[in-house]
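# Observations on the model geometry
Read off the chains here:
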Amino acid sequence: MKDIIIAIDGYSSCGKSTITRDLANALGYVYVDTGAMYRAVTLYCLEKGIIQEGRAVDAGKVIRELLNIHIDFKHSIETGKTETYLNGKNVENDIRSMAVNELVSPVSAIHEVRKVMVYLQRKMGANPGVVMDGRDIGTTVLPHADLKIFMTADIKVRTQRRMLELKERGIKAKEQEVERNLLKRDQEDMNREESPLKQAPDAVVLDNTNLTHEEQLAKVLRWAKEKMIG
Ligand code: DC
């Protein structure tokens, strides 16, 4: 069996990260969460006061900071997860806050931000043996990926999953607010000029509204093994 490159795209809170991480673990592949990279840029700008909740994002100010932002991923033996580091600090929890959720789409729509992130992502995804998830992986970052998966799920199910994730992280949020944020992010991600969220023509669709985690993992593992053999 040969090693392959796997691209997973889809809507917010479809469970992309969980499936991508478990698929990577099952295959012994490197896992790259590209959403975490845009989130880290957003967190840095929030902490520096360059952007604020409820205010329009000033792209020029964000671009000027790009050289000061260093993002790494490290595997934690403790949690068994790949965690995100911003300038040497573990920010895995902080990048999932509601403030970051609110501002990450406009930040990720900035041309220069995408250019830098896509450059880094292509380097990380250069060799087979990688699973990368995001919005534009199968279309822009790794268009030559051997297996492309496009994930979707009902909005109510996605809202419940996001509520649970926030609760687990000790973050309080109203259901209505979470649903509104998910729909808003979908709209912004699908309608931005550069690399909008869209299904690659050669992607297979995974609608997991009615699938358990085990069923999903079995499905994607089967798809991956077919490509590894073929
Ligand atoms: O997958 P996520 O929810 O952590 O992603 C956070 C945001 O980052 C999402 O709203 C859009 C943006 N993003 C992007 O524009 N391109 C990617 N490849 C990944 C994420």
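Rules behind the numbers
Residues numbered from 1 in each chain as written. Predicted model: local features only at pLDDT ≥ 70, side-chain atom pairs only at ≥ 80, totals over all residues. Heavy atoms only, no water. 1 Å grid on protein atoms, 1.4 Å probe; cavity = no way out; pocket = protein on both sides within 12 Å on 5 of 7 lines; lining within 4 Å. Points joined across faces, edges and corners; volume = space filled by probe spheres on them. Nonpolar A, V, L, I, M, F, W, Y, C, P; charged D, E, K, R; others polar. Near = heavy atom within 4 Å. Polar contact = N/O pair within 3.5 Å; in protein donor to acceptor, adjacent residues only side chain to side chain. Areas by Shrake-Rupley, 256 points an atom, 1.4 Å probe, with all protein chains shown as cover. Sits in = over half its atoms within 2 Å of the grid points. Helix = DSSP H or I, 4+ residues; strand = E, 2+ residues; numbered from the N terminus. Buried < 20%, exposed > 50% of the residue type's maximum accessible area, 1.4 Å probe, protein only. Core = buried A, V, L, I, M, F, W, Y, C linked by side-chain atoms within 4.5 Å. Pairing = 2+ DSSP bridges. Axes fitted to C-alpha atoms, helices over the stretch in contact; angles between N-to-C directions.

Considered as a void within the structure, the largest pocket measures approximately 1,100 Å³ in volume. Lining of the largest pocket is provided by 45 residues; of these, Gly15, Ser17, Thr18, Arg96 and Glu165 occupy positions nearest its centre. Class assignment of the residues belonging to the lining of the largest pocket gives a composition of nine nonpolar, 16 polar and 20 charged.

Turning to the site of the ligand, a few remarks are in order. The immediate surroundings of the ligand are formed by 15 residues, with Arg39, Arg114, Arg135, Asp136 and Arg192 found nearest. Within the side chain of Arg114, an N or O atom sits 2.8 Å from an oxygen atom of the ligand. The contact in question runs from an oxygen atom of the ligand to an N or O atom on the side chain of Arg192, over 2.8 Å. Calculation on the ligand without its partners gives an accessible area of 450 Å², and the protein chains cover 96% of this total. Of all the cavities here, the one that holds the ligand is the largest pocket. Taken together, the elements giving at least two residues each to the shell around the ligand come down to α2 (34–47), α4 (98–108) and α8 (175–191). A total of four residues in the shell around the ligand trace back to one element, the largest contributor, which is α2.

Before going further, it helps to spend a moment on unusual backbone geometry. With a phi close to 55°, Ser13 is a non-glycine residue in the positive phi region. Position of Ser13 relative to the elements: it lies in the loop between β1 (5–10) and α1 (16–27). With a relative accessible area of 16%, Ser13 lands in the buried category. A positive phi angle, close to 45°, is found at Asn87, a residue other than glycine. Looking at the element boundaries, Asn87 is found in the loop between β4 (82–86) and β5 (89–90).

This part is about the nonpolar core. A general tendency of soluble globular proteins is for nonpolar side chains to be buried together. Judged by nonpolar contacts, the single largest core of 34 residues is most densely connected at Val41, Val62 and Val113. For this core, the elements supplying multiple residues, two or more each, are β1, α2, α4, α5 (111–124), β6 (130–134) and α6 (137–141). With eight residues, α2 is the single largest residue contributor to this core. Among the nonpolar cores identified, the runner-up in size contains 22 residues, and Ile19, Leu23, Tyr29 and Ala224 belong to it.

What follows concerns the sheet that holds β1. Overall, parallel pairing links the five strands, which are arranged β2-β6-β1-β7-β8 in an open sheet. Edge positions in the open sheet fall to β2 (30–33) and β8 (204–207), since each of these has one partner strand only. Direction aside, neighbouring strands of the sheet carry axes that sit 20° apart on average. Note that strand β7 (residues 147–152) and β8 share four bridges and pair parallel.

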